[in-house]
Amino acid sequence: MTRALILGGTADANLLAKAMARAELDAIYSYGGRTRTPASQPLPTRIGGFGGPTGLADYIRREKITHVVDATHPFAAEISRNAVAACAATETPLIALERAPWAQVSGDHWIEVADIASAVEALPETGAHVLLAIGRQHITPFGARPQHAYTLRFVDPPEGTLPFDADVIVSRGPFTLDSELEMMRARGIEWIVARNSGGDGAHAKIEAARVLGLPVIMLLRPKLPDRLRVESVDEVIQRLGHRACLGA
């Protein structure tokens, strides 16, 4: 019998949960706990960390998990590395549902950087209106460039005091090209800092930057250990079904 653990929190993970529920596959959906109001799922759900790779391995054994599907954000490197280690320790098949990264096309003006510190350094010396589309846990280093007027967009209202004054938008995507153009024009956005998340849900801001001729400081994805990687929900379902038929 197949019993899958979905490491979720993304739109792709939500689509996978719905597909697995329709297929009547036994699965548990796990949220990392960063979002205060996570979307409801058609599967049994748990919220919170596991306690590192050892805790995740213990959970896999205790819950008799036969497969782990890592459908977390491409920049959630810690849980992805923990999943690789835990699955290796428990000899549990691991499937990474990972959308392809965005690629530059004609009209894009990207400055590709490897980390947040490099993104801060890539900003201009003179003050500019900057959209930080990188998640709230990564904004503090940008306080080193206080000359800029920052716009932040979060799923949840920020807790406590922000490290610098900023225009905060609380909104949940996906966003459209028209809405992104309207937002950027209304706030006079001149620079964008984004992570190369891939997929369609967050791509509208990249399209809007292209239309407006804005530079994008693009954070490259973190390097992760080798693992089985697929790009679609159908591929995950097929692999789970195939293994189940074989009795694995």
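It should be noted that the structure appears before, not after, this text.
Residues numbered from 1 in each chain as written. Predicted model: local features only at pLDDT ≥ 70, side-chain atom pairs only at ≥ 80, totals over all residues. Heavy atoms only, no water.

**Section: the packing of aromatic side chains**
Okay, step 1: Per the counting criterion, the structure on display carries four aromatic pairs.
Okay, step 2: Ring centres of Y29 and Y31 lie 4.8 Å apart, and the angle between their planes is 55°; on these two criteria the pair is classed as tilted.
Okay, step 3: On the accessibility criterion, Y29 (0% relative accessible area) is buried.
Okay, step 4: A ring pair is formed by F50 and Y59, whose centres lie 5.1 Å apart and whose planes are at 65°; its orientation type is edge-to-face. The pair formed by F50 and Y59 is uniform in burial state, with each residue classed as buried.
Okay, step 5: Connected via pairs of aromatic rings, a cluster forms that spans F142, Y150 and F164. (Phe/Tyr/Trp six-rings, centres within 6.5 Å; stacked < 30°, edge-to-face > 60°. Buried < 20%, exposed > 50% of the residue type's maximum accessible area, 1.4 Å probe, protein only.)

**Some remarks on the pairing of strand β5 (residues 94-97)**
Okay, step 1: Across the two faces of β5 the burial is the same, with L94 and A96 and I95 and L97 all buried.
Okay, step 2: Direction of pairing for strand β4 (residues 67-70) relative to β5: parallel, over a ladder of three bridges. Within the sheet, the bridge partner assigned to V69 lies in β5 and is I95.
Okay, step 3: Strand direction decides the pairing type here: β5 and strand β12 (residues 228-230), joined by three bridges, are parallel. The partner of L97 across the bridge, within β12, is V230. (Helix = DSSP H or I, 4+ residues; strand = E, 2+ residues; numbered from the N terminus. Pairing = 2+ DSSP bridges.)

**Some thoughts on unusual backbone geometry**
Okay, step 1: For K64, which is not a glycine, the phi torsion comes out positive at approximately 55°.
Okay, step 2: Non-glycine residue E91 carries a positive phi angle of around 55°.
Okay, step 3: As for its position among the elements, E91 is in the loop between α3 (77-90) and β5.
Okay, step 4: Look at E91 and you get exposed, because its relative accessible area is 74%.

**Some thoughts on the sheet that holds β4**
Okay, step 1: Spatial strand order, β3-β2-β1-β4-β5-β12: six strands in an open sheet with parallel pairing. The sheet is open, and its two edges are formed by β3 (45-47) and β12, each paired on a single side. If you compare each strand with its neighbour and ignore which way they point, the axes differ by 25° on average.
Okay, step 2: Alignment of strand β1 (residues 3-7) against β4, held across four bridges, turns out to be parallel. Counterpart to A4 in the pairing with β4 is H67. (Axes fitted to C-alpha atoms, helices over the stretch in contact; angles between N-to-C directions.)

**Observations regarding the packing of helix α5 (residues 177-187) against helix α6 (residues 204-212)**
Okay, step 1: For the pair α5 and α6, interaxial distance at closest approach is 8 Å and the crossing angle is 60°. When the interaxial angle is binned, α5 and α6 end up oblique. Crossing of α5 over α6 shows right-handed handedness. Contacts from L177, E180, L181, M184 and R185 of α5 reach α6 at A204, K205, E207, A208, A209, V211 and L212.
Okay, step 2: Across the contact of α5 with α6, the residue classes tally to eight nonpolar, no polar and four charged. (Parallel < 35°, antiparallel > 145°, perpendicular 65-115°, else oblique. Left-handed = near helix turned anticlockwise from the far one by under 90°. Contact = heavy atoms within 4.5 Å. Nonpolar A, V, L, I, M, F, W, Y, C, P; charged D, E, K, R; others polar.)

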